[in-house]
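One letter stands for each residue in the lines below.
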Amino acid sequence: MQQLISLLSEEMGRAFEAAGYDASLGQVMVSGRPDLCEYQCNGAMAGAKKYHKAPFVIAGEVAKHLEGAERVFNVSVVKPGFINCDVTPAYLTQYLSEMAKADRLGVETSSRPRTVILDYGGPNVAKPLHVGHLRSAVIGEALKRILRFHGDNAIGDIHLGDWGLQMGLVITELKHRHPELPYFDENYTGEYPAEPPFTVADLEEIYPYASGRSREDEAYHREALENTHLLQEGQRGYRALWEHIIHVSVADMKRNYENLNVTFDLWNGESTVNDIIPVMVEDMKKSGLAYESQGALVVDVSEESDSKEIPPCMILKSDGAALYTTTDLATIKMRKDQNDPDEIIYVVDKRQELHFIQTFRAARKCGLIGDSCRLTFKGFGTVNGKDGRPFKTREGGVMRLESLIREIDDKMLGKIEANPDIPADEAKETAKIVGLAALKYGDLSNQASKDYIFDVEKFTSFEGDTGPYILYTIVRIKSILKKYLDASGRNPADLAIGAPSGVAEKTLMRSIAGFNRTMQEAYEELAPHKICAFIYQLSNDFNSFYHGTRILTEEDQTQKEHWIALLYLTEKVLEICINVLGFDAPERM
Ligand code: ARG
């Protein structure tokens, strides 16, 4: 369905034309002064120069042609040349009725669906997930769903960090602790044990220990580098051990991501492209684009228009080892060969921006990807504590994702338990559902690139711009709809929308009508926060209407049916939005 704002603009444009001006001046916007009017058009100001006429005069002439218009009324002209207007109740009612009947509530799918790979999650094997991984997962999942809702073929790839020094560190430490294991016996030719020689808990203790020690112990550090190299070269025992590490670690990650309602289509990692790196590097050398500098292999990526220097992109270290950039470049090549995407979107901490500028430029320069594929870095800001510094545990350590989720869930449980109607096990389930909404909405309602403060108190509140508030609104509507169904036996889905009975109802109706515009903007700008802002406004508008209207006790049956139909539509819009954001609503709370 065409956006309401564009339908109103069409009519405004025709009035400009009828008055002798260009129709394109008739762009209508939501009013900046909702106390004065619902919509406004600033086209007369824009046309003043072109037509050498005072904007107020132009606006007056245009307004004459809007007398008796179908879509807008209450037209007034305000100095210096604003055209203020409201949508006619009849037109708004007709628009919502069509929306209620349309597929996907009037949001059309793209006529040219694109293939888009989303690179998000990005956890590192053998390291526990911490608060830093939250945003990539939450934003990436929402973007994937926004793209899919639009009709694109969106493919989520977790891009595991499974190939770097951290693997060498874990192997080194295991070797120190258990030198007797067959993995470290170079003469061993038999099968390796099927059971890993460690648990997740062991890994979680081993990695930080090894990483700490390598920072202080130079010989240990060198040993870890050497072991990383041997692993990458394919040493049999190390490979077998590495597979155990991946297996144990990935099983744990899956559980964590499941709790976040985040899923991936591909569980590829840095190691996936190991075998294609040598050929890629050879080609880069042959073309002359990659050259040796101080023993390392680099590609120049600076451009004349750069305002700050972009250093060359390092492809191989002087010891011949591949780097983070190398695996990212090879991954671009692999994605091109396997999926030929129209776009690759990276949802990564914004502090990695330089790395991606270098990688994207090198990929284009070396012909790994053509111009038809857009490469997008969607950098996100830091999750801070109330002190404005990166979020930490009370003891000052790195906050594990699991602990963070538990903290929110516990807080939520306390609140849900206050409702005596909800039995204990349902309360637990509900706390999880609402807790996830609190967590995700708290994150997604901020523009991705900005830092935000992780405030458990605020995120879990049932009031204000929070996930629980949105869910509470949905639950409230569902409960009214159910009561109506039980009492009347009539399905709310079969009822017709009616003309607004008052200001609050009309405001709610206009809010609902903004649904397709919001989805379009969120898609174009990769901006889940726009959906959050929309459902917050919609919930506020619904609650204002609800508090001023006695719906279920209304005597006039037709009036009541209109209201129930409107509630039904409101609820459907909210449900679609939270689903796209990646969380659900409980039956009650
Ligand atoms: N594992 C990386 C990190 O923890 C993030 C990976 C992001 N994706 C990528 N293609 N580089 O910093």
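None of the values given here were measured: they were computed from a predicted structure. (Residues numbered from 1 in each chain as written. Predicted model: local features only at pLDDT ≥ 70, side-chain atom pairs only at ≥ 80, totals over all residues. Heavy atoms only, no water.)

Participant: Lay out the overall build of the protein in plain terms, naming residues and giving numbers.
Facilitator: Of the regular secondary structure elements, the protein holds 20 helices and 13 strands. For the C-alpha atoms alone, the extent of the protein along its principal axes is close to 90 × 65 × 40 Å. About 27100 Å² of surface is accessible on the protein, with carbon and sulfur atoms providing 49% of the total. Charge centroids of the protein, computed over 66 positive and 88 negative side chains, lie 4 Å from each other. (Helix = DSSP H or I, 4+ residues; strand = E, 2+ residues; numbered from the N terminus. Areas by Shrake-Rupley, 256 points an atom, 1.4 Å probe, with all protein chains shown as cover. Lys, Arg positive; Asp, Glu negative; His and termini not counted. Charge placed at Lys NZ, Arg CZ, Asp CG, Glu CD.)

Participant: Provide a residue-level description of the environment of Ala15, including the pertinent values.
Facilitator: Counting through the fold element by element, Ala15 comes out in helix α1 (residues 4–18). Each C-alpha atom, one on Ala15 and one on Asp425, is 62 Å from the other, the two residues being 410 residues apart in sequence. Other than its neighbours up to four places away in sequence, Ala15 contacts Val62, His65 and Leu66. (Contact = heavy atoms within 4.5 Å.)

Participant: So what's going on with the packing of helix α18 (residues 515–524) against helix α19 (residues 528–547)? Which residues, and what values?
Facilitator: Closest axis-to-axis distance for the α18/α19 pair is 8 Å, and the angle between their directions is 160°. It follows from the interaxial angle that α18 and α19 lie roughly antiparallel. Taken as a pair, α18 and α19 cross one another with a handedness that is right-handed. Contacts from Phe515, Thr518, Met519, Glu521 and Ala522 of α18 reach α19 at Lys530, Ile531 and Phe534. Its residues placed into classes, the contact of α18 with α19 shows 5 nonpolar, 1 polar and 2 charged. (Axes fitted to C-alpha atoms, helices over the stretch in contact; angles between N-to-C directions. Parallel < 35°, antiparallel > 145°, perpendicular 65-115°, else oblique. Left-handed = near helix turned anticlockwise from the far one by under 90°. Nonpolar A, V, L, I, M, F, W, Y, C, P; charged D, E, K, R; others polar.)

Participant: Could you give an account of the nonpolar core, with specific residues and numbers?
Facilitator: Counting 150 residues, the largest nonpolar core has Val62, Leu96, Phe454 and Phe515 as its most contacted members. For this core, the leading source of residues is helix α20 (residues 557–581), giving 12 residues. Contact partners of Leu96, with chain neighbours within four places excluded, come to Ile497, Met509, Ile512, Ala513, Leu566 and Leu569. Counting 32 residues, the second-largest nonpolar core is a separate cluster that includes Ile155, Ile332, Val348 and Cys373. (Core = buried A, V, L, I, M, F, W, Y, C linked by side-chain atoms within 4.5 Å. Buried < 20%, exposed > 50% of the residue type's maximum accessible area, 1.4 Å probe, protein only.)

Participant: So what's going on with the pairing of strand β3 (residues 72–78)? Which residues, and what values?
Facilitator: In summary, the side chains of a regular strand alternate between the two faces of the sheet. The pairing of β3 with strand β4 (residues 82–87) spans 5 bridges and is classified as antiparallel. Looking at β4, one finds that Phe73 is bridged to Asp86. Taking the residues between adjacent antiparallel strands as the criterion, β3 and β4 are bridged by 3 residues. (Pairing = 2+ DSSP bridges.)

Participant: Could you give an account of the pattern of salt bridges, with specific residues and numbers?
Facilitator: This structure, assessed with the given rule, holds 42 salt bridges. The closest approach of N and O atoms between Asp283 and Lys286, which form a salt bridge, is 4.0 Å. One end of the pair, Asp283, and the other, Lys286, are both in helix α10 (residues 277–286), 3 residues apart, so they sit about a helical turn from each other. In this structure Asp283 comes out as partly exposed when scored by relative accessible area, which is 41%. (Salt bridge = Lys/Arg side-chain N within 4 Å of Asp/Glu carboxyl O.)

Participant: I'd like to hear about the sheet that holds strand β7 (residues 290–293), residue by residue, with values.
Facilitator: With antiparallel pairing, 3 strands are arranged side by side in an open sheet as β7-β8-β9. The open sheet is flanked by β7 and β9 (313–316), the only strands paired with a single partner. Neighbour-to-neighbour, the strand axes of this sheet turn through a mean angle of 45°, independent of strand direction. In the sheet, β7 pairs with strand β8 (residues 296–299) via 4 bridges, with the strands oriented antiparallel. For Tyr291, the partnering residue across the bridge sits in β8 and is Val298.

Participant: Describe the site of the ligand, listing the residues and the values that go with them.
Facilitator: Residues in contact with the ligand, as listed here, are Asp119, Gly122, Asn124, His159, Tyr324, Asp328, Tyr346, Val348, Gln352 and Phe356. In the environment of the ligand, a nitrogen atom lies 2.9 Å from a nitrogen or oxygen atom belonging to the side chain of Asn124. Taken by itself the ligand offers 350 Å² of open surface, and the protein chains cover 85% of this. Elements with a minimum of two residues in the shell around the ligand: α11 (324–339) and β10 (343–349). Here the shell around the ligand is built from residues that sort into 4 nonpolar, 4 polar and 2 charged. (Near = heavy atom within 4 Å. Polar contact = N/O pair within 3.5 Å; in protein donor to acceptor, adjacent residues only side chain to side chain.)

Participant: Outline the sheet that holds β4, listing residues and values.
Facilitator: The pairing of strands in a sheet comes from backbone hydrogen bonds and takes either a parallel or an antiparallel form. The strand order β1-β2-β4-β3 describes an open sheet built from 4 strands, whose pairing is antiparallel. The open sheet terminates on both sides in strands that have one partner only, identified here as β1 (28–30) and β3. With strand direction ignored, the average angle separating the axes of adjacent strands in the sheet is 30°. The pairing of β1 with strand β2 (residues 39–41) spans 3 bridges and is classified as antiparallel. From the neighbouring strand, Met29 faces β2, where its bridge partner is Gln40. Each of β1, β2, β3 and β4 is contacted by α1, which is oriented at about 140° to β1, the strand it contacts most.

Participant: So what's going on with the pairing of β8? Which residues, and what values?
Facilitator: The alternating pattern of β8 places Ala296 and Val298 and Leu297 and Val299 on opposite faces, both of which are buried. Two successive antiparallel strands, β7 and β8, enclose a turn made up of 2 residues, where Gln294 displays a positive phi of approximately 50°. Here β8 runs beside β9; their pairing, made up of 3 bridges, is antiparallel. Of the residues in β9, the one forming a bridge with Val299 is Cys313.

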